Amino acid sequence: MLISRTCFGADKEYCKMMVDAGYTAVDINDTSHKPEMFLQSEEEQHAFVKNAVDNILSVGLKIGQCHAPHSISLWCSTDEEIEQRIVSIENCVKTVSKFNIPYTIIHPFVYAFNKEPEDKEKLWQFNVDTIRRICKSASGTIVCLENMPGIGGVIKTGEDAAKMLTDVDCDNLMVCLDTGHLACQGGKATDFFAAVGDRVKTLHIHDSIPGEDLHLLAGTGRFDWEDFKQALKQYNYQGTINSESNFVYNVKGALRLEGQILERKILERFI
């Protein structure tokens, strides 16, 4: 299995540090926080992704996955803003497809992050139609739907993910299991895998506590990691072991490398 972590700012120096820390892959995440880039010309979009890809591959790392721009709240966004965000996700998926990146992660659209939707059925159908539209943009990458936390989360459980897969009915739609988001809901990995099975193709590994999305280092929250290891083994997960913790973001210099090494060693326990 590849050992990976989320990569913000995929410059050559950062990529070299990932190699020095013993990682074999990264998850491109610059793309998730720059939706405006995917409203530019095709040439500009291609150059943006190519720069990250070239830096990563030049040091011998592989790319396990890429994160599309985040979805937005329907409650506080105009129809124009919502459509622009859908287009930016579509364009990201189209651009990533040209670089043989195996998986591209998307979030479901929410009514509001901390509010229950007024019409759950309407919100669900909006996501079915939107996700199906995004999947049709993908020709060289598999779209993976991520489970989300919070009151407004649409895909919270394995059962939610399984129902969305059925309703969207696209062969190129799979699932990204986010352990920290599952921890927010007090969920267990074995239950999630039992509902979705081998359609879990990617992971975002971090820890948290019920009700909070903290992106902690694995093992420092309340997620059941023994249950997680059991699920990976029971369902023969063969994908990338990828961290999305915030553990080293505010650390500089040699200490940052030491932190990356520590996190990589923790990830290796799940193999």
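We now turn to the structure provided with this report.

Calculation notes
- Residues numbered from 1 in each chain as written.
- Predicted model: local features only at pLDDT ≥ 70, side-chain atom pairs only at ≥ 80, totals over all residues.
- Heavy atoms only, no water.
- Helix = DSSP H or I, 4+ residues; strand = E, 2+ residues; numbered from the N terminus.
- Expected span 1.5 Å × (residues − 1).
- Buried < 20%, exposed > 50% of the residue type's maximum accessible area, 1.4 Å probe, protein only.
- Contact = heavy atoms within 4.5 Å.
- Salt bridge = Lys/Arg side-chain N within 4 Å of Asp/Glu carboxyl O.
- Pairing = 2+ DSSP bridges.
- Axes fitted to C-alpha atoms, helices over the stretch in contact; angles between N-to-C directions.

**Brief notes about helix α2 (residues 42–58)**
Between its terminal C-alpha atoms α2 stretches 24 Å, which fits the 24 Å expected from 17 residues at 1.5 Å a residue. Of the residues making up α2, those classed as buried are Gln 45, Phe 48, Val 49, Ala 52, Val 53, Asn 55 and Ile 56. Buried-residue contacts for α2 involve α1 (12–20), β2 (25–28), β3 (62–67) and α3 (79–97). After α2 finishes, the residue Gly 60 shows a positive phi value of roughly 90 degrees.

**Some words on the pattern of salt bridges**
With the rule as written, the count across this model stands at 10 salt bridges. We note a salt bridge from Lys 163 to Asp 167, for which the minimum N-O separation is 2.8 Å. You can see Lys 163 and its partner Asp 167 sitting in helix α5 (residues 158–168), 4 residues apart, about one turn around the helix. Its salt-bridge partner being Glu 226, residue Lys 229 comes within 3.1 Å of it at the nearest N-O pair. Remark: Glu 226 and Lys 229 occur in helix α8 (residues 225–234); sequence separation between them is 3 residues, near one turn of the helix.

**Digging into the sheet that holds β2**
The 8 strands lie next to each other as β7-β6-β5-β4-β3-β2-β1-β10, forming an open sheet whose pairing is parallel. The sheet is open, and its two borders are formed by β7 (200–204) and β10 (241–243), each paired with just one other strand. Neighbour to neighbour, the strand axes of the sheet diverge by 30 degrees on average, direction disregarded. Taken together, the 3 bridges between strand β1 (residues 3–7) and β10 define a ladder with parallel strand orientation. Residue pairing across strands places Arg 5 opposite Ser 243, the latter belonging to β10.

**Thoughts on the environment of Val 19**
Residue position: Val 19 is located in helix α1. Sequence spacing of Val 19 and Ile 56 is 37 residues, and the spatial spacing of their C-alpha atoms is 9.8 Å. Setting aside chain neighbours within four positions, we find Val 19 in contact with Val 59 and Leu 61.

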